[in-house]
Amino acid sequence: MTSTESPTAIGSGTAATEKFSKERVSADTSPERLSAIATDALGALGQVIDKHGITYSEYRVLKQWLIDVGTYGEWPLWLDVFVEHNVEEVAYRGQSGTKGSIEGPYYVADTKRLPARCTLPMRADETGTTLVFEGQVRDLGGVGLAGATVELWHADSEGYYSHFAPHIPDGNLRGTIEVDAEGRFEIATIQPAPYQIPTDGPTGWFIEKAGWHPWRPAHLHLMVKAPGKRTITTQLYFRGGDWVGNDVASAVKPELILDPKPGADGVDRVTYDFVLDPAAQ
Ligand code: BEZ
Ligand code: FE
């Protein structure tokens, strides 16, 4: 892809699928557990077919659409929009630190390491309102965590992510911030725009045919890590922003809403502190 191409569903879907496929993930699921999950999942699907009297035409359309989702590389997108929020809620059970939210398909590991006070990498002509995002990473007892990192990634002011939109340089609006000795950080960036599910691919067709909307509210993505602590993956939203009350991915939580205000210099600032649970033993 050249850097002048405009983003397409098949382009961002293929990039997300390639990134995910490289990870070769595994889980410790016993045959008994797999059998129980699969039996329940197929049973639930059978009930839907029965309840709605699904026809052969509808079944064939479903088959074609499932094939299209794969061809466009949109399984990471579709699953993260419609399923990940349930998995995330189960993962958070029993935790008392900062609430998590979905990772989504656009995380990239090993981004540029940045000092505690920094500006996120951006284009010389990056558009958008400047935002200074500051805070502290602490443990459950309120002690600042030296050695923590705050990975931050977000869309640009048009709603596009670097690595998944060919016109944006790799690493743009992404970074791994190393907090100071008290766990504090202060990051200058720009406010992202709401994100729209691509409408020129099978996830977008599905949403349109169902009469739903394809929008996620503007958000910052974060992955916060510290030695001996449970990593949290979360998102922060903006009070009063479009789609905050109606996210297509059902991933907004009231504890995760920012309310930036202009500082003495007129630049929007906001503080958010992260609290990490101990790592599972
Ligand atoms: C996102 O957070 O950007 C996202 C989440 C789920 C699906 C697509 C995008
Ligand atoms: Fe996102």
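Residues numbered from 1 in each chain as written. Chains lettered and ligands numbered in written order. Predicted model: local features only at pLDDT ≥ 70, side-chain atom pairs only at ≥ 80, totals over all residues. Heavy atoms only, no water.

Enquirer: Hey, could you run me through the coordination of the iron ion (ligand 2) in this one?
Expert: In an ideal octahedron of six donors the angles at the metal are 90 or 180 degrees, and in an ideal tetrahedron of four donors they are 109.5 degrees. For the iron ion (ligand 2), the full set of protein donor atoms is Tyr161 (OH), His219 (NE2) and His221 (NE2), at a range of 1.8 to 2.0 Å. Written as a sequence motif, the donor residues of the iron ion (ligand 2) are Y-x57-H-x1-H. With respect to class, His219 is no different from His221; both count as buried. (Donors = N, O, S within 2.8 Å, 3.2 Å for Na, K, Ca; no water. Buried < 20%, exposed > 50% of the residue type's maximum accessible area, 1.4 Å probe, protein only.)

Enquirer: Honestly, the UniProt feature "domain: Intradiol ring-cleavage dioxygenases" (unreviewed entry) in the protein in this entry has me stumped. Any pointers?
Expert: In the numbering adopted here, UniProt assigns the feature "domain: Intradiol ring-cleavage dioxygenases" (unreviewed entry) to residues 133-161. Span residues 133-161 is 0% helix and 45% strand, its end C-alpha atoms 19 Å apart. (UniProt positions renumbered as here; feature names shortened; annotations may be inferred. Helix = DSSP H or I, 4+ residues; strand = E, 2+ residues; numbered from the N terminus.)

Enquirer: For this particular structure, what's the right way to read the nonpolar core?
Expert: Here is a general trend for soluble globular proteins: nonpolar side chains tend to be buried in one another's company. By size, the foremost hydrophobic cluster in this structure holds 56 residues, and its most contacted members are Phe133, Val137, Ile177, Phe185, Leu222 and Phe274. What Phe185 contacts, discounting residues up to four positions off in sequence, is Ala116, Phe133, Glu134, Gly135, Gln136, Val137, Val150, Ile177, Val179, Tyr272 and Phe274. (Core = buried A, V, L, I, M, F, W, Y, C linked by side-chain atoms within 4.5 Å. Contact = heavy atoms within 4.5 Å.)

Enquirer: Honestly, the site of ligand 1 in this entry has me stumped. Any pointers?
Expert: Surveying the vicinity of ligand 1 reveals 13 residues, the closest of which are Val81, Tyr161, Arg216, His219 and His221. A distance of 2.7 Å is found between an oxygen atom of ligand 1 and a side-chain nitrogen or oxygen belonging to Arg216. Within the side chain of His221, one N or O atom sits 3.0 Å away from an oxygen atom of ligand 1. Surface burial for ligand 1 is 100%, taken as the share of its 260 Å² of free accessible area covered by protein chains. (Near = heavy atom within 4 Å. Polar contact = N/O pair within 3.5 Å; in protein donor to acceptor, adjacent residues only side chain to side chain. Areas by Shrake-Rupley, 256 points an atom, 1.4 Å probe, with all protein chains shown as cover.)

Enquirer: Help me understand helix α2 (residues 31-52) in this model?
Expert: One full turn of an α-helix is made of 3.6 residues, so residues set three or four places apart face in the same direction. Over its 22 residues, α2 extends 31 Å from the first C-alpha to the last, a length consistent with the 32 Å expected when each residue adds 1.5 Å. The buried fraction of α2 is low, at 0 of 22 residues. (Expected span 1.5 Å × (residues − 1).)

Enquirer: Would you take a moment to explain the pairing of strand β4 (residues 149-154) for this structure?
Expert: As a general feature of sheets, a regular strand has side chains that alternate between the two faces. With 6 of 6 residues buried, β4 is to be regarded as a mostly interior element. By the alternation rule, side chains of β4 split into Thr149, Glu151 and Trp153 and Val150, Leu152 and His154, which are all buried. Pairing analysis gives 5 bridges linking β4 to strand β5 (residues 174-178), with the strands arranged antiparallel. Paired with Trp153 across the strands is Arg174, a residue of β5. Both β4 and strand β9 (residues 219-225) contribute to a ladder of 6 bridges, which runs antiparallel. Looking at β9, one finds that Glu151 is bridged to Met223. (Pairing = 2+ DSSP bridges.)

Enquirer: For this particular structure, what's the right way to read the packing of aromatic side chains?
Expert: We describe a pair of aromatic rings using the distance from one ring centre to the other and the angle between the two ring planes. Going through the model one piece at a time under the given rule, you end up with 21 aromatic pairs. Ring geometry for Tyr72 against Trp205: centres 5.4 Å apart, planes inclined by 75°, an arrangement best described as edge-to-face. Taken as a pair, Tyr72 in the loop between α3 (56-71) and α4 (75-82) and Trp205 in helix α6 (residues 202-209) lie far apart in primary sequence, 133 residues in all. For Trp205, a relative accessible area of 31% gives the class partly exposed. Considering the side-chain rings of Trp78 and Phe82, the 5.2 Å spacing of their centres and the 50° angle between planes classify their relative orientation as tilted. Placement of the pair is Trp78 and Phe82 together in helix α4, with a separation of 4 residues, close to one helical turn. Relative accessible area serves as the criterion here: at 19%, Phe82 is assigned to the buried category. Site record: aromatic cluster; members linked through ring pairs are Trp65, Trp75, Trp78, Phe82, Phe206 and Trp212. In this structure, Lys253 packs its charged tip against the face of Tyr92, placed 5.7 Å from the ring centre. (Phe/Tyr/Trp six-rings, centres within 6.5 Å; stacked < 30°, edge-to-face > 60°. Lys NZ or Arg CZ within 6 Å of the ring centre and 35° of its normal.)

Enquirer: Is there a simple way to explain the packing of α3 against α6 in this structure?
Expert: Two quantities define a packed helix pair, namely the angle between the helix axes and the distance between the axes. The interhelical angle for the contact between α3 and α6, taken along N-to-C directions, is 140°, at an axis separation of 9 Å. When the interaxial angle is binned, α3 and α6 end up oblique. Contact residues: α3 offers Trp65, Asp68 and Val69, while α6 offers Pro202, Trp205 and Phe206. Here the residues of the contact of α3 with α6 are counted per class, giving 5 nonpolar, no polar and 1 charged. (Axes fitted to C-alpha atoms, helices over the stretch in contact; angles between N-to-C directions. Parallel < 35°, antiparallel > 145°, perpendicular 65-115°, else oblique. Nonpolar A, V, L, I, M, F, W, Y, C, P; charged D, E, K, R; others polar.)

Enquirer: Teacher, can you tell me more about the environment of Thr271 here?
Expert: Position of Thr271 among the secondary structure elements: in strand β13 (residues 268-271). Those residues within four positions of Thr271 in sequence are excluded, and the remaining contacts are Glu134 and Gly135.

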